[in-house]
Amino acid sequence: EVRLQESGGGAVQAGGSLKLSCAASGPLRCVAWFRRSPGIETAGVASINSLGDTHYPDTVGDRFRISKDDAANTLFLQMDNLKPEDTAIYYCAADGVRHGGYCDFGLVQSKYGYWGQGTQVIVSS
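Let us look at the structure shown here. Since the model is a prediction, treat every value here as computed from it, not as a measurement.

1. A short note on the state of the cysteines
Inference 1: Applying the stated criterion to the full structure yields two disulfides.
Inference 2: For C30, the disulfide goes to C103, at an S-S distance of 2.0 Å. Negative torsions about the S-S bond denote left-handed disulfides, and the value of about 125 degrees found for C30 with C103 makes this one right-handed. Here C30, found in the loop between β3 (18-24) and β4 (31-36), pairs with C103, found in the loop between β9 (88-94) and β10 (114-115); they are 73 residues apart in sequence, far enough to count as distant.
Inference 3: When the cysteines of the chain that form disulfides are numbered from the N-terminus onward, they connect as 1-3, 2-4.

The following block contains the structure:
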């Protein structure tokens, strides 16, 4: 029913950039990017609500930017000035794939019921 597929991960040196994509099986409503490193709790890195408002944690600062192409049902995460601490598996997540309704969940992990399989990002010094 609901499918989310990340792509765009890879290996990059510190200071480099990557752009992640998440192809969805239907219209995106509330969506977010999370990341997971071994031994570290999953943490949100960016979110966008149904109105297009975005949210980023302090750990990301102004280095990451989330956006979406509604016509293509695709979510993006532009990551600039990457640091070794950004090394993780990155997941896109959504509350659903449908039109209509208001939602604003920020980076609250439990609010996102659908997740992709993740894409690996490795940042070396």
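2. A few points about the sheet that holds strand β1 (residues 4-7)
Inference 1: Spatial strand order, β1-β3-β8-β7: four strands in an open sheet with antiparallel pairing. Looking at which strands have only one partner, the edges of the open sheet turn out to be β1 and β7 (64-69). For this sheet, the mean angle separating the axes of adjacent strands, direction not counted, is 15 degrees.
Inference 2: In terms of strand pairing, β7 meets strand β8 (residues 74-79) through six bridges, oriented antiparallel. Looking at the pairing, F64 lines up with M79 of β8.

3. A few points about the side chain of D86
Inference 1: With respect to the element layout, D86 can be found in the loop between β8 and β9.
Inference 2: Within polar-contact distance, the side chain of D86 engages the side chain of R63 at 2.7 Å.
Inference 3: At 2.8 Å, the side chain of D86 and the backbone nitrogen of K83 are in polar contact.
Inference 4: Not counting residues up to four positions away in its chain, the partners in contact with D86 are R35, R63, F64, V121 and V123.

What counts, and at which threshold
- Residues numbered from 1 in each chain as written.
- Predicted model: local features only at pLDDT ≥ 70, side-chain atom pairs only at ≥ 80, totals over all residues.
- Heavy atoms only, no water.
- Disulfide = S-S within 2.5 Å.
- Helix = DSSP H or I, 4+ residues; strand = E, 2+ residues; numbered from the N terminus.
- Pairing = 2+ DSSP bridges.
- Axes fitted to C-alpha atoms, helices over the stretch in contact; angles between N-to-C directions.
- Polar contact = N/O pair within 3.5 Å; in protein donor to acceptor, adjacent residues only side chain to side chain.
- Contact = heavy atoms within 4.5 Å.

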